[in-house]
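A look at the structure
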Amino acid sequence: MKKLIPLLLILPFFTQCTVIRPGEVGIKQRYGKLQNRTLSQGLTSYNIFTTKVIKASTQTQNLRLDLNLPSKEGLSVKSLISILYRLERDSIGQIINNYGLDYEPLIGSIFRSAASDVCAKYYAKDMHSGKRANIEESIKAKMIELLNGNGIVIQSVLM
């Protein structure tokens, strides 16, 4: 019993706690390798010397881009774009392995490619008229195709 007391006093120095808030998930990284299980909201503990907890938001994010998009007649149309996206809860490990925690430039690059392909089929006047909704849906469909189930859900593209 006397040997157990010092061990219990030392144990808190080897553990750490973190809180995963609503709208977040966490994943433990032990010795540099991501665990398979994602952690949902609440308190979680881990060994500070071997493990860290990586948190990511699963809430809808807004990526704003200011771009010049090509039109069918060869004009460049200045557009302010909002891309509403979120991360899938069970794909956090895959996203971190493939893209790291800085995945927004990837979404921006995929958008630029999809938008250039789609907008080049429309006249400049269509980008500011009733056809804008069709253009937004076409860009969204193209982005979903290019992301191909990588855990990033495109909810909406707004021009």
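Criteria and thresholds
- Residues numbered from 1 in each chain as written.
- Predicted model: local features only at pLDDT ≥ 70, side-chain atom pairs only at ≥ 80, totals over all residues.
- Heavy atoms only, no water.
- Helix = DSSP H or I, 4+ residues; strand = E, 2+ residues; numbered from the N terminus.
- Rg over C-alpha atoms; globule rule 2.2 N^0.38 Å.
- Buried < 20%, exposed > 50% of the residue type's maximum accessible area, 1.4 Å probe, protein only.
- Contact = heavy atoms within 4.5 Å.
- Areas by Shrake-Rupley, 256 points an atom, 1.4 Å probe, with all protein chains shown as cover.
- Lys, Arg positive; Asp, Glu negative; His and termini not counted.
- Charge placed at Lys NZ, Arg CZ, Asp CG, Glu CD.
- Core = buried A, V, L, I, M, F, W, Y, C linked by side-chain atoms within 4.5 Å.
- Expected span 1.5 Å × (residues − 1).
- Arc of directions from axis to C-beta.
- Polar contact = N/O pair within 3.5 Å; in protein donor to acceptor, adjacent residues only side chain to side chain.
- Axes fitted to C-alpha atoms, helices over the stretch in contact; angles between N-to-C directions.
- Parallel < 35°, antiparallel > 145°, perpendicular 65-115°, else oblique.
- Left-handed = near helix turned anticlockwise from the far one by under 90°.
- Nonpolar A, V, L, I, M, F, W, Y, C, P; charged D, E, K, R; others polar.
- Pairing = 2+ DSSP bridges.

Per the secondary structure count, the protein includes four helices and eight strands. In the protein, the succession of helices and strands from N to C terminus is α-β-β-β-β-β-β-β-α-α-α-β. Relative to its length of 159 residues, the protein is extended, with a C-alpha radius of gyration of 22 Å against a globular reference of 15 Å. Dimensions of the protein along its principal axes, counting C-alpha atoms only, are 85 × 25 × 20 Å. Looking at the protein residue by residue over its 159 residues, the buried ones come to 37%. Taking all contacts inside the protein whose residues are at least 6 apart in sequence as the whole, residues at least 24 apart take part in 63%. Accessible area of the protein: about 9,800 Å², with a carbon and sulfur share of 52%. Positive and negative side-chain charges in the protein, numbering 21 and 12 respectively, have mean positions lying 12 Å apart.

We now examine the nonpolar core. If you look at the biggest cluster of nonpolar residues, it comprises 36 residues, and the most contacted ones within it are I83, F111, I139 and M143. If you tally residues by element for this core, the top one is helix 3 (residues 104–119), at seven residues. If we ignore the near neighbours within four places in the chain, the residues touching M143 are I83, I107, I110, F111, A114, I154 and V157.

Right, let's get into helix 3. The terminal C-alpha atoms of helix 3 lie 22 Å apart, and with 16 residues this matches the ideal 22 Å at 1.5 Å per residue to within 8%. By the burial criterion, the buried members of helix 3 are I107, G108, I110, F111, A114, A115, V118 and C119. Along the axis of helix 3, the buried residues cluster in a sector spanning 165 degrees; they form a single face. Each element contacted by the buried residues of helix 3 is listed here: strand 6 (61–70), strand 7 (76–87), helix 4 (132–147) and strand 8 (152–158).

Within the element layout of this structure, T51 appears in strand 5 (residues 51–57). At 3.4 Å, the side chain of T51 and the side chain of R30 are in polar contact. If sequence neighbours within four positions are ignored, T51 has contacts with K28, Q29, R30 and Y46.

For the pair helix 3 and helix 4, interaxial distance at closest approach is 9 Å and the crossing angle is 130 degrees. Considering the angle they form, helix 3 stands oblique to helix 4. Crossing of helix 3 against helix 4: the hand is right-handed. Contacts from I107, I110, F111, S113, A114, A115, D117, V118 and C119 in helix 3 reach I135, S138, I139, K142, M143, L146 and L147 in helix 4. A per-class count over the contact of helix 3 with helix 4 returns 12 nonpolar, two polar and two charged.

The next subject is the environment of G74. Mapped onto the elements of the fold, G74 is located in the loop between strand 6 and strand 7. Here the alpha-carbon distance between G74 and A120, two residues 46 residues apart in the chain, equals 7.8 Å.

Overall, antiparallel pairing links the three strands, which are arranged 6-7-8 in an open sheet. The open sheet has two edge strands with one neighbour each: strand 6 and strand 8. Neighbour-to-neighbour, the strand axes of this sheet turn through a mean angle of 30 degrees, independent of strand direction. Lying over the sheet, helix 4 contacts strand 7 and strand 8, oriented at roughly 160 degrees with respect to strand 8.

Where strand 6 meets strand 7, 10 bridges bridge the pair, whose relative direction is antiparallel. Within the sheet, the bridge partner assigned to L63 lies in strand 7 and is I83. Linking two consecutive strands that pair antiparallel, namely strand 6 and strand 7, is a turn of five residues; a positive phi of about 90 degrees is found at G74 within it. Relative to strand 8, strand 7 is paired through six bridges, and the arrangement is antiparallel.

So, about helix 4. Over its 16 residues, helix 4 runs 22 Å from end to end, which matches the ideal 22 Å to within 8%, given 1.5 Å per residue. At its buried positions, helix 4 is contacted by strand 7, helix 3 and strand 8. Backbone geometry just downstream of helix 4 places N148 in the positive-phi region, at approximately 50 degrees.

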